[in-house]
Amino acid sequence: METANTHYTRTPRTENLKWVERITHLMDNQFRLPGTNWRFGLDPILGLFPVVGDLASFSVSAMLILTMARYGASGKMVTLMLLNVALDALFGSIPILGNIFDFAFKANERNVRMLRAHYEEGKYQGSGKNIILGVIIGIVVIFILLIWAIWELLAFVYQLVQGWF
């Protein structure tokens, strides 16, 4: 992802959104596999730590969405961003397969690309403070569903292991 010389010409708060790109780069593209062009960030690394890593990754993504909503992303855009993060959290919480999914999906990068296109199309709506409550409710619902899914997965694995003994 190109972070250098990126300017949002449609919003007066350009400087406030630069950190969104920096955090996104850190979470999705900070490191490169030697000898390849394949990039990854902290998101799949955090996914190696069951439950805690997935919740930490989700929390960072949620903060990015709140910031983007605060600086003018439309309600439809925020909903699409929440769906990206929900998919990432849900599939990313599956052991081993979730880590592979995290390497490929990169929800934060997708959200920043959507935000850039949103601004370039001139759909910037000023401050998004009126949708912040809805975003927070959406994040809490996704968080609860993520906890429930992890709980069910752990219960299934526990029963499976108990069946072996």
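A brief look at the structure comes next. Fair warning: this is a prediction, and the values are worked out from it, not measured in the lab. (Residues numbered from 1 in each chain as written. Predicted model: local features only at pLDDT ≥ 70, side-chain atom pairs only at ≥ 80, totals over all residues. Heavy atoms only, no water.)

1. With respect to a nonpolar patch on the surface
Among the surface-exposed residues, Leu87, Leu90, Phe91, Ile94, Ile96, Leu97 and Ile100 lie close enough to one another that they form a single nonpolar patch of about 670 Å² accessible area. Elements that contribute at least two residues to the nonpolar patch include exactly helix H4 (75–92) and helix H5 (97–105). You can see leucine 90 is positioned in helix H4. With relative accessibility at 43%, the residue leucine 90 sits in the partly exposed group. (Patch = residues over 30% accessible without salt bridge, like charges linked within 9 Å, V, L, I, M, F, W, Y side chains within 5 Å. Areas by Shrake-Rupley, 256 points an atom, 1.4 Å probe, with all protein chains shown as cover. Salt bridge = Lys/Arg side-chain N within 4 Å of Asp/Glu carboxyl O. Helix = DSSP H or I, 4+ residues; strand = E, 2+ residues; numbered from the N terminus. Buried < 20%, exposed > 50% of the residue type's maximum accessible area, 1.4 Å probe, protein only.)

2. Considerations on the packing of helix H3 (residues 52–70) against helix H6 (residues 107–120)
Two elements in contact, H3 and H6, have axes separated by 11 Å at closest approach and are oriented at 10°. Taken as axis vectors, H3 and H6 run roughly parallel relative to one another. Contacts between H3 and H6 pair Ser61, Leu64, Ile65 and Met68 from the former with Asn108, Asn111 and Leu115 from the latter. (Axes fitted to C-alpha atoms, helices over the stretch in contact; angles between N-to-C directions. Parallel < 35°, antiparallel > 145°, perpendicular 65-115°, else oblique. Contact = heavy atoms within 4.5 Å.)

3. Re the packing of H4 against H6
Contact pair H4 / H6: the axes reach a minimum separation of 9 Å and the direction vectors enclose 165°. By the angle class used here, H4 and H6 are roughly antiparallel. As for how H4 packs across H6, the hand of that crossing is right-handed. Packed against H4, whose contacting residues are Met77, Leu80, Met81, Asn84, Val85 and Asp88, the element H6 presents Ala107, Arg110, Asn111, Met114, Leu115 and His118 at the interface. Tallied by class, the residues present in the contact of H4 with H6 amount to seven nonpolar, three polar and two charged. (Left-handed = near helix turned anticlockwise from the far one by under 90°. Nonpolar A, V, L, I, M, F, W, Y, C, P; charged D, E, K, R; others polar.)

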